[in-house]
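Residue-level listing of the chains:
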Amino acid sequence: MRRSRARLADGPSTESTKDGEMKRDREQKPHAALTIREALSIQVLMFLLLGLSGIERISAQTIAPTPPVKAPPTQWLPTELRDSASSIPSVGPASLLRPADWRVLEDAPVWREYGLIDLSIRRYRVEKAILQVELFRHQTPAGAFGLLSFSRLTRQPGQVLSEFAVGAFYLRLSESNGPRHSRGKTEDVAAAGPPIKRLEAILRSTLAGSPQEEERPVLLKHLPTDRRVPNTETYYLGPVALGRHPAFGPVANVLDFTSLPETITATFTQEPAGKALELLLVEYYTPQAATDNLKRLEAYLAGLSPEQQAQHRLRRIGNYLALVASDGPLTNADELFNQIRYEQKVYWYGRKMTDIPLEFRPADAAAWREMTNTTTIVVQSLLWIGLMLGLTLLSGMLIGGLVFYWRRYQRRKRGIDNLFSDAGGTIFLNLEDYRLTPDTEPPVLPRLHPASAERGESSEDLPPGDPAVKPPTTSG
């Protein structure tokens, strides 16, 4: 009993040990397999996340525009300006006004139209006077010139000592507005004329290496030059600046600036002496926009009084809209319109030259040159061929004539000039012996058989019964 109990006790213990090991193995194996799967899935997810983050960075670097490099004000307005003669020191630090700073100023809407980026301000000591230099940095040289022309139109006399544009920079020199003890007296500023010119020359040379070259709007070149008042040209890029023009302010609300037209105004004198003429020239890039705005201006002029209508005149010149206004009679308006130069440019959509209609197709210089060269070669070839054929015929006739007369000369020399050679193989029929007379009967002429004729036999050689010889018959 004890042994059986011991065996029973031992049996279940060993079996339970094996079952426990098997259970542990079963529990461990699935657990290990799940751990490997989880590790693999985690690695795959990490790779995917890294790849997506890399793609987002690349796309952000590719698609996002590169922000413009903001140059510090000391780059264009250094602490000391030098030239070959002497130096001009600065007074105090420089100031840099970004769009967030200058947008609260009075002229901010105008500056925004002209594409102002930032404004740098610094003061310099010139002799006994302290001058303030304001440097306006624009996106394009046209914007810098536009703000310069707008300042000439709106500034008060004596407010600015000097102003100019170099590339995309517009600079303005004025009397310093610093503390009272640092201001220069009016007579000191007036006496600093030559030093101001020297300061302007140094600033021009400093800004000469700007990224954008100095240029003027093309529309300025199309203005009439006769009787134009100097420095009255004003270039506009939006309705805000044009609305401040004394003569064409109301027109700014009539024109459509959504297509970004270019606008310029200028003042002209009239002959005989009269009140000045104000010219407004607007350039649109499509004929449709020019037509629509022409109707707008015509409707605007139709709403004016008869006296005001007599002081305005409108004309369309290509894609230009020209409007003339004056406080008096328009004596030279038509002459002014005739001087406006419009350069017409037509662009056709297509990939080949044949897509353009023949009547509007421009002359291609390379094709014209190639056609001219080909025509010249063909004509020269034909001329040389004709010349060679003519020389060949002439030489053949000359050589043939010489040979003919040489042989004739030789025959005459031998005395056989009147004799001719036998034609060879010719059959002569001699009828001298068979002349007929009125008293004689017609003779019997031998008739040759074709076969005997070939052998050279006559009818006398034939036998009597040969059918080739027929006896003559006599009638009654």
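Refer to the structure above for everything that follows.
Notes on the structure follow. (Residues numbered from 1 in each chain as written. Predicted model: local features only at pLDDT ≥ 70, side-chain atom pairs only at ≥ 80, totals over all residues. Heavy atoms only, no water.)

### Description of unusual backbone geometry
Then, in step 1: In the Ramachandran plot, N231 falls in the positive-phi region, its phi being about 60° despite a non-glycine side chain.
Then, in step 2: Along the chain, N231 turns up in the loop between α8 (218-221) and β7 (234-236).
Then, in step 3: Relative accessible area serves as the criterion here: at 53%, N231 is assigned to the exposed category. (Helix = DSSP H or I, 4+ residues; strand = E, 2+ residues; numbered from the N terminus. Buried < 20%, exposed > 50% of the residue type's maximum accessible area, 1.4 Å probe, protein only.)

### Quick notes on the nonpolar core
Grouped burial of nonpolar side chains is what soluble globular proteins tend to show.
Then, in step 1: With 36 residues, the main nonpolar core has L242 and L255 as its most contacted residues.
Then, in step 2: Contributions of two or more residues to this core are made by α4 (108-113), β3 (116-126), α5 (141-154), α9 (239-242), β9 (277-283), α10 (287-302) and β11 (320-325).
Then, in step 3: Residue contributions to this core peak at five residues, all from α10.
Then, in step 4: Other than its neighbours up to four places away in sequence, L242 contacts Y236, F248, G249, A252, L255, F257, T263, T265 and L280.
Then, in step 5: Counting 21 residues, the second-largest nonpolar core is a separate cluster that includes L223, Y235, L336 and I340. (Core = buried A, V, L, I, M, F, W, Y, C linked by side-chain atoms within 4.5 Å. Contact = heavy atoms within 4.5 Å.)

### Overview of the sheet that holds strand β10 (residues 312-317)
Then, in step 1: With antiparallel pairing, five strands are arranged side by side in an open sheet as β7-β8-β9-β11-β10. On the outer flanks of this sheet lie β7 and β10, each paired with one strand and no other. Ignoring which end each strand starts from, the neighbouring axes of this sheet average 15° apart.
Then, in step 2: Two elements, strand β8 (residues 262-268) and β9, share seven bridges in a ladder whose sense is antiparallel. Across the sheet, residue A266 finds its bridge partner in β9, namely L279.
Then, in step 3: Contacting β10 and β11, α10 runs over the sheet at an angle of about 165° to β10. (Pairing = 2+ DSSP bridges. Axes fitted to C-alpha atoms, helices over the stretch in contact; angles between N-to-C directions.)

### Describing the pattern of salt bridges
Then, in step 1: Within the structure shown, the criterion is met by ten salt bridges.
Then, in step 2: Put simply, E163 and R155 hold a salt bridge, and the shortest N to O gap is 2.6 Å.
Then, in step 3: The exposure class assigned to E163 is buried, which follows from its relative accessible area of 11%.
Then, in step 4: In this structure R155 comes out as partly exposed when scored by relative accessible area, which is 31%. (Salt bridge = Lys/Arg side-chain N within 4 Å of Asp/Glu carboxyl O.)

### Description of the packing of aromatic side chains
Then, in step 1: All chains considered together, the criterion is met by six aromatic pairs.
Then, in step 2: On the basis of an interplanar angle of 80° and a centroid distance of 5.3 Å, the ring pair of F404 and Y405 is categorised as edge-to-face.
Then, in step 3: Joined through ring pairs, the aromatic side chains of W102, W111, F136 and Y170 make up one cluster. (Phe/Tyr/Trp six-rings, centres within 6.5 Å; stacked < 30°, edge-to-face > 60°.)

### Quick notes on the side chain of T267
Then, in step 1: Here T267 lies in strand β8.
Then, in step 2: Accessibility expressed as a relative area gives 14% for T267, which makes it buried.
Then, in step 3: Apart from residues lying up to four places away in sequence, T267 is in contact with R227, R228, V229, T232, A276, L277 and E278.

### A look at the pairing of β10
Then, in step 1: For β10 and β11, the ladder comprises six bridges, and the chain directions are antiparallel. Its bridge partner lying in β11, R316 is registered against L321.

### Remarks on α5
Then, in step 1: With 14 residues, α5 should cover 20 Å at 1.5 Å per step; its first-to-last C-alpha distance of 20 Å lies within 8% of that length.
Then, in step 2: Most of α5 is tucked away, with eleven of its 14 residues classed as buried.
Then, in step 3: All buried positions along α5 are accounted for by P141, A142, G143, A144, F145, G146, L147, L148, S149, F150 and S151. (Expected span 1.5 Å × (residues − 1).)

### Structural notes on the sheet that holds strand β4 (residues 129-138)
Then, in step 1: Strand order across the open sheet formed by six strands is β1-β2-β3-β4-β6-β5, with antiparallel pairing between neighbours. Of all the strands in the sheet, the pair left with one neighbour each is β1 (80-82) and β5 (162-166). Strand after strand, the sheet turns through a mean of 25° between neighbouring axes, direction not considered.
Then, in step 2: Note: β4 against strand β6 (residues 169-175), seven bridges, orientation antiparallel. Looking at the pairing, E134 lines up with R172 of β6.

### Notes on a nonpolar patch on the surface
Then, in step 1: On the surface, a cluster of nonpolar side chains totalling about 390 Å² of accessible area is made up of V378, L382, I385 and L389.
Then, in step 2: The residue L389 is located in helix α13 (residues 365-414) in this model.
Then, in step 3: Residue classification places L389 among the exposed positions, given a relative accessible area of 53%. (Patch = residues over 30% accessible without salt bridge, like charges linked within 9 Å, V, L, I, M, F, W, Y side chains within 5 Å. Areas by Shrake-Rupley, 256 points an atom, 1.4 Å probe, with all protein chains shown as cover.)

### What about α13?
The periodicity of an α-helix, 3.6 residues per turn, causes residues three or four positions apart to be oriented the same way.
Then, in step 1: Helix length check: α13 (50 residues) gives 73 Å between terminal C-alpha atoms against 74 Å at 1.5 Å per residue, within 8%.
Then, in step 2: Among the residues trailing α13, G415 stands out with phi positive, at a value near 85°.

### Details of the pairing of β8
Then, in step 1: The buried fraction of β8 amounts to seven of the seven residues, a majority that puts the element mostly inside the structure.
Then, in step 2: The two faces of β8 match: E262, I264, A266 and F268 on one face and T263, T265 and T267 on the other face are all buried.
Then, in step 3: Examined bridge by bridge, β7 and β8 share three bridges and lie antiparallel to one another. Opposite T234, over in β8, you have T265 as the bridge partner.

Everything listed here is a matter of geometry and, on its own, says nothing about what the molecule does.
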